[in-house]
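Given next are the chains, with one letter for each unit.
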Amino acid sequence: MKLYSVAIDGPSGAGKSTIARAAAKRFGFLYVDTGAIYRTVGLAAERAGVKKGDRDAVTALLPKLDISLGYGEDGVQRSFLNGEDVSEAIRTPEISSRASDVSAMPEVRACLLDMQRAMARKHSVIMDGRDIGSVVLPDADLKIFLTASAECRAERRRAELESRGISASFGWILSEMSRRDRQDSKRAAAPLTVAEGAVTVDTSSLSLDESIEAVCSLISEKLGVKPLEG
Ligand code: DC
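Residues numbered from 1 in each chain as written. Predicted model: local features only at pLDDT ≥ 70, side-chain atom pairs only at ≥ 80, totals over all residues. Heavy atoms only, no water.

Draft legend 1. Spotlight on unusual backbone geometry. Phi at Asn82 takes a positive value of approximately 45°, unusual for a residue other than glycine. Classification of Asn82 as partly exposed rests on a relative accessible area of 46%. The residue Ala190 is not glycine, and still its phi comes out positive at about 45°. Topologically, Ala190 is positioned in the loop between helix 8 (170-186) and strand 8 (199-202). A relative accessible area of 17% means that Ala190 is categorised as buried. (Buried < 20%, exposed > 50% of the residue type's maximum accessible area, 1.4 Å probe, protein only. Helix = DSSP H or I, 4+ residues; strand = E, 2+ residues; numbered from the N terminus.)

Draft legend 2. Representation of the packing of aromatic side chains within the structure. Going through the model one piece at a time under the given rule, you end up with two aromatic pairs. An angle of 15° between the planes, with centres 5.9 Å apart, marks the rings of Tyr4 and Phe29 as stacked. Linking Tyr4 in the segment before strand 1 (5-9) with Phe29 in the loop between helix 1 (16-27) and strand 2 (30-33), this pair joins segments that are 25 residues apart in sequence. Between the aromatic rings of Phe27 and Phe29, the centroid separation amounts to 6.1 Å while the plane-to-plane angle is 40°, which identifies the pairing as tilted. (Phe/Tyr/Trp six-rings, centres within 6.5 Å; stacked < 30°, edge-to-face > 60°.)

Draft legend 3. Just the UniProt feature "binding site: ATP" (unreviewed entry) in the chain, in detail. Mapped onto the present numbering, the UniProt feature "binding site: ATP" (unreviewed entry) falls at Gly10, Pro11, Ser12, Gly13, Ala14, Gly15, Lys16, Ser17 and Thr18. Judged by its relative accessible area of 13%, Gly13 is buried. Leaving out residues up to four positions away in the same chain, Gly13 has contacts with Arg153, Arg156, Arg157 and Met177. With respect to the element layout, Ala14 can be found in the loop between strand 1 and helix 1. (UniProt positions renumbered as here; feature names shortened; annotations may be inferred. Contact = heavy atoms within 4.5 Å.)

Draft legend 4. The arrangement of the nonpolar core in detail. With 34 residues, the main nonpolar core has Val41, Val58, Leu65, Val108, Met127 and Leu137 as its most contacted residues. Every element with two or more residues in this core is listed here: strand 2, helix 2 (34-47), helix 3 (55-61), strand 3 (67-71), helix 4 (93-103), helix 5 (106-122), strand 6 (125-129) and helix 6 (132-136). No other element matches the seven residues that helix 2 contributes to this core. Residues in contact with Leu65, not counting those within four places in the same chain, are Val41, Ala44, Leu81 and Asn82. (Core = buried A, V, L, I, M, F, W, Y, C linked by side-chain atoms within 4.5 Å.)

Draft legend 5. Up close: the side chain of Ser103. Take Ser103: it is sitting in helix 4. At 3.0 Å, the side chain of Ser103 forms a polar contact with the backbone oxygen of Ser100. (Polar contact = N/O pair within 3.5 Å; in protein donor to acceptor, adjacent residues only side chain to side chain.)

Draft legend 6. Representation of the packing of helix 7 (residues 150-163) against helix 8 within the structure. It is the contact of helix 7 with helix 8, at a shortest axis distance of 9 Å, that shows an interaxial angle of 120°. Between helix 7 and helix 8 lies a crossing whose hand is right-handed. Taken together, the residues of helix 8 that come into contact with helix 7 (itself represented by Ala150, Glu151, Arg153, Ala154, Glu155, Arg157, Arg158 and Leu161) are Phe170, Ile173, Leu174, Met177, Arg180 and Asp181. When grouped by side-chain class, the residues that make up the contact of helix 7 with helix 8 number seven nonpolar, no polar and seven charged. (Axes fitted to C-alpha atoms, helices over the stretch in contact; angles between N-to-C directions. Left-handed = near helix turned anticlockwise from the far one by under 90°. Nonpolar A, V, L, I, M, F, W, Y, C, P; charged D, E, K, R; others polar.)

Draft legend 7. Structural detail: the site of the ligand. Around the ligand there are 16 residues in total, and Arg39, Arg109, Arg130, Asp184 and Arg187 lie nearest to it. At 2.9 Å, a side-chain N or O of Arg130 approaches an oxygen atom of the ligand. Protein chains shield 96% of the accessible area of the ligand, which is 450 Å² for the free molecule. Of the residues forming the shell around the ligand, the biggest block, four residues, is contributed by helix 2. Across the shell around the ligand, the residue classes tally to three nonpolar, five polar and eight charged. (Near = heavy atom within 4 Å. Areas by Shrake-Rupley, 256 points an atom, 1.4 Å probe, with all protein chains shown as cover.)

Below, the structure written as structure tokens:
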């Protein structure tokens, strides 16, 4: 059976995970949230008391980490660190910042590369991240660069945090998000970039449903696949 791969890259808050998850469900593909893997390494570094930017300490930590992804019957991805389900613990603003820090380290990226590629060898995937179309799956059947204005992305992130009981001001989120975007785009190792051949989708003026439709139409057209029934 032919396996398909769709790479969705873009800055934080563009709606990648929500849209990718919905599209994966519609076509029966596996949704792989690669940001969650970097967040899990960030959480481990935080727990180990590693200073930010301490590459040697993070490199020394890597062999001690057993990171895995699991999928419930609902298709929702769970992240495990040494057997512990850390899916909620990795979703705090502190760990967002930690994830950006460790993801700039080439040792971390090299360590996680095989794990990501192995998933695409076994399943049809929609994988989201920053370097999926450029580095992880350069031969993906479809590459999408999903973006939106910084203000739009910050407001969506604020609302998402609020719905989980985490309150943060729009101004703080906007500046923190811009700092993280700069760090993710300027780093030497696999920076956030529009991959060659990628189709850009700007969701600034689209509702969530419209964004999902836009991405699903691209998948249907480029891959020649039909949504699952029902
Ligand atoms: O998508 P996210 O916010 O969960 O990602 C967390 C951090 O991990 C983000 O700052 C960028 C980094 N990341 C990366 O460098 N490469 C990926 N493929 C996915 C995420």
